[in-house]
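What follows is each chain in one-letter form.
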Amino acid sequence: MSKPIQVLLTDDSPTMLQVLTRLLSAQPDVTVVGTARDGEEAVALARSLKPDVITLDVQMPGMDGLGATERIMAETPCRILMVSGAPDTDLSFRALQAGALEVIAKPQGSPEDVARFGVRLLSAIRLLAEVKLVTQRSEGRGTAPVLPPNARVAGFALTSSIGGPTALASLLWLLPRSLPYPLFVAQHITPGFTVGLHRWLTSLSPLPVEIARASEQPRAGTVYLAPDGHHLRVGMQGELVIEKASGSTFPSGDLLLASLSRAYGAHAAGAVLSGMGEEGAVGLMAIKRAGGLTFAQDPETCLVAGMPEAALRNKATEHSVSPEALANILRSLEGMPPPGSPPGI
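Let me sum up the structure you'll find in this document. (Residues numbered from 1 in each chain as written. Predicted model: local features only at pLDDT ≥ 70, side-chain atom pairs only at ≥ 80, totals over all residues. Heavy atoms only, no water.)

### What about the overall build of the chain?
Per the secondary structure count, the chain includes eleven helices and 16 strands. Here the C-alpha radius of gyration of the chain, 20 Å, is about what a compact globule of 345 residues would show, namely 20 Å. Sequence separation of 24 or more characterises 72% of the internal contacts of the chain that already satisfy a separation of 6 or more. Placing the 28 positive and 32 negative side-chain charges of the chain at their respective mean positions leaves the two points 3 Å apart. (Helix = DSSP H or I, 4+ residues; strand = E, 2+ residues; numbered from the N terminus. Rg over C-alpha atoms; globule rule 2.2 N^0.38 Å. Contact = heavy atoms within 4.5 Å. Lys, Arg positive; Asp, Glu negative; His and termini not counted. Charge placed at Lys NZ, Arg CZ, Asp CG, Glu CD.)

### Side note on the pairing of strand S13 (residues 268–272)
Each regular strand displays side chains that alternate between the two surfaces of the sheet. With five of five residues buried, S13 lies mostly within the body of the structure. Across five bridges, the pairing between strand S7 (residues 155–160) and S13 is parallel. By the bridge assignment, Gly 155 is partnered in S13 with Ala 268. As paired elements, S13 and strand S14 (residues 293–297) share four bridges and run parallel to each other. Pairing of Ala 269 across the sheet is with Leu 293, part of S14. The handedness of the S13 to S14 crossover, carried by helix H9 (residues 281–289), is right-handed. (Buried < 20%, exposed > 50% of the residue type's maximum accessible area, 1.4 Å probe, protein only. Pairing = 2+ DSSP bridges. Right-handed = clockwise from strand over helix to strand, strands pointing away.)

### Some details on the pattern of salt bridges
A full pass over the atoms with the stated rule returns 13 salt bridges. A salt bridge links Arg 126 to Asp 29; the nearest nitrogen and oxygen atoms lie 2.8 Å apart. In this pair, Arg 126 is assigned in helix H5 (residues 111–129) and Asp 29 in the loop between helix H1 (14–25) and strand S2 (30–36), connecting sequence segments 97 residues apart. Assessed through its relative accessible area of 31%, Arg 126 is described here as partly exposed. The closest approach of N and O atoms between Glu 40 and Arg 71, which form a salt bridge, is 3.8 Å. Here Glu 40 is found in helix H2 (residues 39–49), whereas its partner Arg 71 is found in helix H3 (residues 65–75), with 31 residues between them in sequence. A network of salt bridges, in which partner residues are shared, links Glu 40, Arg 47, Arg 71 and Glu 75. (Salt bridge = Lys/Arg side-chain N within 4 Å of Asp/Glu carboxyl O.)

### What about unusual backbone geometry?
Phi is positive for Asn 150, close to 55°, though the residue is something other than glycine. Overall, Asn 150 belongs to the exposed group, its relative accessible area being 61%. For Ser 215, which is not glycine, the phi torsion reads 75° and is therefore positive. Within the secondary structure, Ser 215 is located in the loop between strand S9 (209–211) and strand S10 (223–225).

### Some words on the sheet that holds S7
Taking strand neighbours across the sheet as the criterion, the seven strands line up as S9-S10-S8-S7-S13-S14-S15 in an open arrangement whose pairing is parallel. Edge strands, defined here as strands with exactly one partner in the open sheet, are S9 and strand S15 (320–321). Sheet strands touched by helix H7 (residues 194–204): strand S8 (183–187), S9 and S10. Its angle to S9, the strand with the most contacts, is close to 165°. Sheet contacts for helix H8 (residues 253–264): S7, S8 and S13; angle to S7, the most-contacted strand, approximately 165°. (Axes fitted to C-alpha atoms, helices over the stretch in contact; angles between N-to-C directions.)

### Concerning the pairing of strand S12 (residues 240–244)
In this sheet, S12 lies alongside strand S11 (residues 230–234) in antiparallel orientation, the contact comprising five bridges. Counterpart to Arg 233 in the pairing with S12 is Val 241. Hairpin connection, S11 to S12: the antiparallel pair is bridged by five residues, and Gly 238 has positive phi, about 85°.

Structural data, given as structure tokens:
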């Protein structure tokens, strides 16, 4: 953006508002245009100031961050960043479903933690300021895939970042508990929030949702989330492999997708959902080259279309589908016993 990013800060703690203001006021590309102490005040200031980005405390007396998000997105849509002091609750994810773009955790109080928080806060605000504001979700057009007859899948991997939790929820909501293969998820999310994401998806999905554990043999009809700060892969015997993410706090979608191509070959499948950047395109291409099935979320249905657009542009897939259409595809695919399964399973 050519002009400074105009930010409205919201928190019921005067101390936290001071921390936020101090961190942002020192930046030449950011201007704090106002502060609010509760959700009602944030809604009113959003209407009068029309900022580029709003930070919202998740838990506040009176109107909380969820209620404020719903009101702002209905009346004066804006890019919203949730700042949560309780990352293990599902309130933040309900706010994401209502239209917020991202969520980060509050600092715990030490100078070192506040400094790290400042880096995350500035990075998130600058990132969100570049996001095209989507005020109404499109049904999209997509491309109707022609699947091989009797296509059989040993495992399906999904990767996403901004907008991903909402897309995942829309997809999982429509899947049967009897799905004949496991699902693996690499969702880019701030460390500390995987437990909250797990709890929220569990409340919505007919399928059991688990945080992946090393060496476990995945079960059909189960969703496995990459743990906080770790990559998730599938080993050559079908076992789950957990690796510390070095140089990144996010699980790699490329590593997850590529591991399925090696473990499952032509029976691998994967999709890239809403997100910024090009993450997932390389791993999706590995599945395509192995003869597996590949998909991208229809960019028109994405909160942020960068990741699916990269997969389509790089020819890692020819199929763009809405989360609901992808759910129909997943329901239609037959299962295939993964490596390491006992005979007859």
